[in-house]
Every structure is written in C-alpha cells, then in structure tokens.
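Next come the chains, spelled out residue by residue.
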Amino acid sequence: MAIVGFSRGFIFVKTTKTAGTSIEVHLARQCGPDDVVTPIFPEVEGHLARNHSGPDGSKIFYNHQPLSEIRNHIDPEFYASAFKFCFERHPVDKCISHYSMFKNSPLHAEMRSFANWDAYVDEGHFPMDHMRYMDADGGLLVDHVYPYEQLQDSLDDIARRCGFPPAPLTVREKTGWRETITPTPAQYARIMNAFSETKPTFRKHGWLHTRLPCTNDI
C-alpha cells in the first residue's frame, strides 16, 4: 500500500509487519478525493481506494511500493516538498511477527514454506524493507523513519506535521496470530546480521542495545 496525500503534503511508504494496514486506514481518513490511496486485501470496511490506476486501468501505485518508484509517478515539486515517512521495527520482533503471520493466518497459509520457527530462521527469507525507503547506496529517501514501538506518538507527530488533528489509532487489522517465541542467541544474531543494511535505523532507535522490546499483537 502507498498513500500520496497531495491535500496533506505527505507520502506514506508501507513496510512489512509494522501495523502498515492499520496505519494506512488511519491516514487515508485524512485524505481527499484527489489523493492516491491503494487497495487493501482483504478489504477493510470504510477504506476507499482511489486514484491508484492509470486511465486504462493499468497499475501505477501498489501495495508496498518503494519510494523510488512512487517518485517516478508524481510531480517533482510535490515530491521535493512532501513529508515522506515510513515505520520500522526491531528486526527480531519483526521476524517473529512475520513468522506468526505465515504460520497462523489463513490468508498466507498456502505461501508458507517452513514447518516451524527453526526452519523459518534457517530459510532466511526475512521481512527486510530497506529497499523501499533507502537508495542503492544506503541513503534514506524518506524524511523520517518512525519506530513501530512508539506507534501512537509517531502518528500524533505525523498529524502535527501534516496539519490534521491527532487521533488515536482505532484500527487493528491482521492481529491475533502472534506466537510466543524465544530465539536462541545464534538465531538472534543471524537475524540482526541479515538486517545489517538497516543498522543506521535501528541504531538510532536503540535496537542494537535492546534484547527485544515489548510489542503489540501485530
């Protein structure tokens, strides 16, 4: 999903397992009829996708679209002035949520290729998102990477920056699947090493020095 909020002056880049669906529903409520809002699957009542396709029905904006591609489809002046942001999460916590989704969500069961947590880690297909908000040299394309662990405070800051009233996050999509997992030290190290491209981000938020933060069931 992506939102290009022309009326509010922002671009939201959706990342994996960071409450992205809940955030996009929340932000889309502040968008106008001419803004870009991509579809959600499965559909969420009250969420209206709009302006994401070309006149011929071709796909222009889509779910989890990298900012480097979004940039190619909008006015350069708006892109330069827009507040561009995404959310990130502690890598190990993110992987536990990712594993739990594929293991327990009926929408993802057919795509599951592992039998258990150990096999998931061994497979190594982790939910890395740096390519969605960083360039090929590792530089940030977004103006701000918000921590998932401070979700409501982050949404309030976005509201203030973009000129709409702060509001509590009332949408909690795709929850209830999370399992309680304690990675081994070797598994923990493997995951953190795999996310090395995002070290500047998780160093900023203290994740390099945090064993594992408290999380929501998302």
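Everything here concerns the structure above.
Residues numbered from 1 in each chain as written. Predicted model: local features only at pLDDT ≥ 70, side-chain atom pairs only at ≥ 80, totals over all residues. Heavy atoms only, no water.

Enquirer: Sorry if this is basic, but what is going on with unusual backbone geometry here?
Expert: Among all residues save glycine, negative phi is the norm, and among peptide bonds the norm is trans. The phi dihedral of Asn 51 is positive, around 60°, even though this residue is not glycine. Relative to the helices and strands, Asn 51 resides in the loop between β3 (36-37) and α2 (67-70). (Helix = DSSP H or I, 4+ residues; strand = E, 2+ residues; numbered from the N terminus.)

Enquirer: Where do I start with the nonpolar core in this structure?
Expert: One broad rule of soluble globular proteins: the nonpolar side chains tend to lie buried together. With 21 residues, the main nonpolar core has Phe 10, Phe 12, Ile 23, Leu 27, Phe 85, Phe 87 and Ile 158 as its most contacted residues. Ranked by the residues each element gives to this core, the list is headed by helix α7 (residues 151-162), at 5 residues. Setting aside chain neighbours within four positions, we find Phe 87 in contact with Phe 12, Thr 15, Thr 18, Ile 23, Tyr 146, Pro 147, Tyr 148, Leu 151, Ser 154, Leu 155 and Ile 158. (Core = buried A, V, L, I, M, F, W, Y, C linked by side-chain atoms within 4.5 Å. Buried < 20%, exposed > 50% of the residue type's maximum accessible area, 1.4 Å probe, protein only. Contact = heavy atoms within 4.5 Å.)

Enquirer: Could you clarify how one ought to interpret helix α1 (residues 20-28) in this entry?
Expert: Within an α-helix, residues lying three or four positions from one another point in the same direction, as the helix has 3.6 residues per turn. Among the 9 residues in α1, 9 count as buried, and that is most of the element. Those residues of α1 that sit buried are Gly 20, Thr 21, Ser 22, Ile 23, Glu 24, Val 25, His 26, Leu 27 and Ala 28. In this structure, the buried side of α1 is in contact with β1 (2-5), β2 (10-13), β3, β4 (83-88) and α7.

Enquirer: What's the story with the packing of aromatic side chains in this structure? I'm lost.
Expert: Given two aromatic rings, their pairing is described by the distance between the two centres and the angle made by the two planes. Overall, the coordinates contain 13 aromatic pairs when judged by the stated rule. For the ring pair Phe 85 and Tyr 146, a centre distance of 6.1 Å and an interplane angle of 80° mean the geometry is edge-to-face. Placement of Phe 85 in strand β4 and of Tyr 146 in strand β5 (residues 144-147) is noted, with a sequence separation of 61 residues between them. The same class applies to Phe 85 as to Tyr 146, namely buried. When the centroid spacing of 5.7 Å and the interplanar angle of 55° are considered together, the rings of Tyr 120 and Phe 126 count as tilted. A single burial state applies to Tyr 120 and to Phe 126, both of which are buried. Grouping aromatic residues by their ring pairs yields a cluster made of Phe 10, Phe 12, Phe 83, Phe 85, Phe 87 and Tyr 146. Over the aromatic face of Tyr 79 sits the side chain of Lys 84, whose NZ or CZ is 4.5 Å from the ring centroid. (Phe/Tyr/Trp six-rings, centres within 6.5 Å; stacked < 30°, edge-to-face > 60°. Lys NZ or Arg CZ within 6 Å of the ring centre and 35° of its normal.)

Enquirer: For this particular structure, what's the right way to read the pairing of β4?
Expert: Across a regular strand the side chains alternate sides, sitting on one face of the sheet and then on the other. Of all 6 residues that make up β4, 6 are buried, and the element is covered over most of its length. On β4, burial covers both faces: Phe 83, Phe 85 and Phe 87 on one face and Lys 84, Cys 86 and Glu 88 on the other are all buried. Inspection of the sheet shows β2 paired to β4 by 3 bridges, in the parallel sense. Across the sheet, the residue bridging to Phe 10 is Phe 83, located in β4. Relative to β5, β4 runs parallel, the two being bridged by 4 bridges. (Pairing = 2+ DSSP bridges.)

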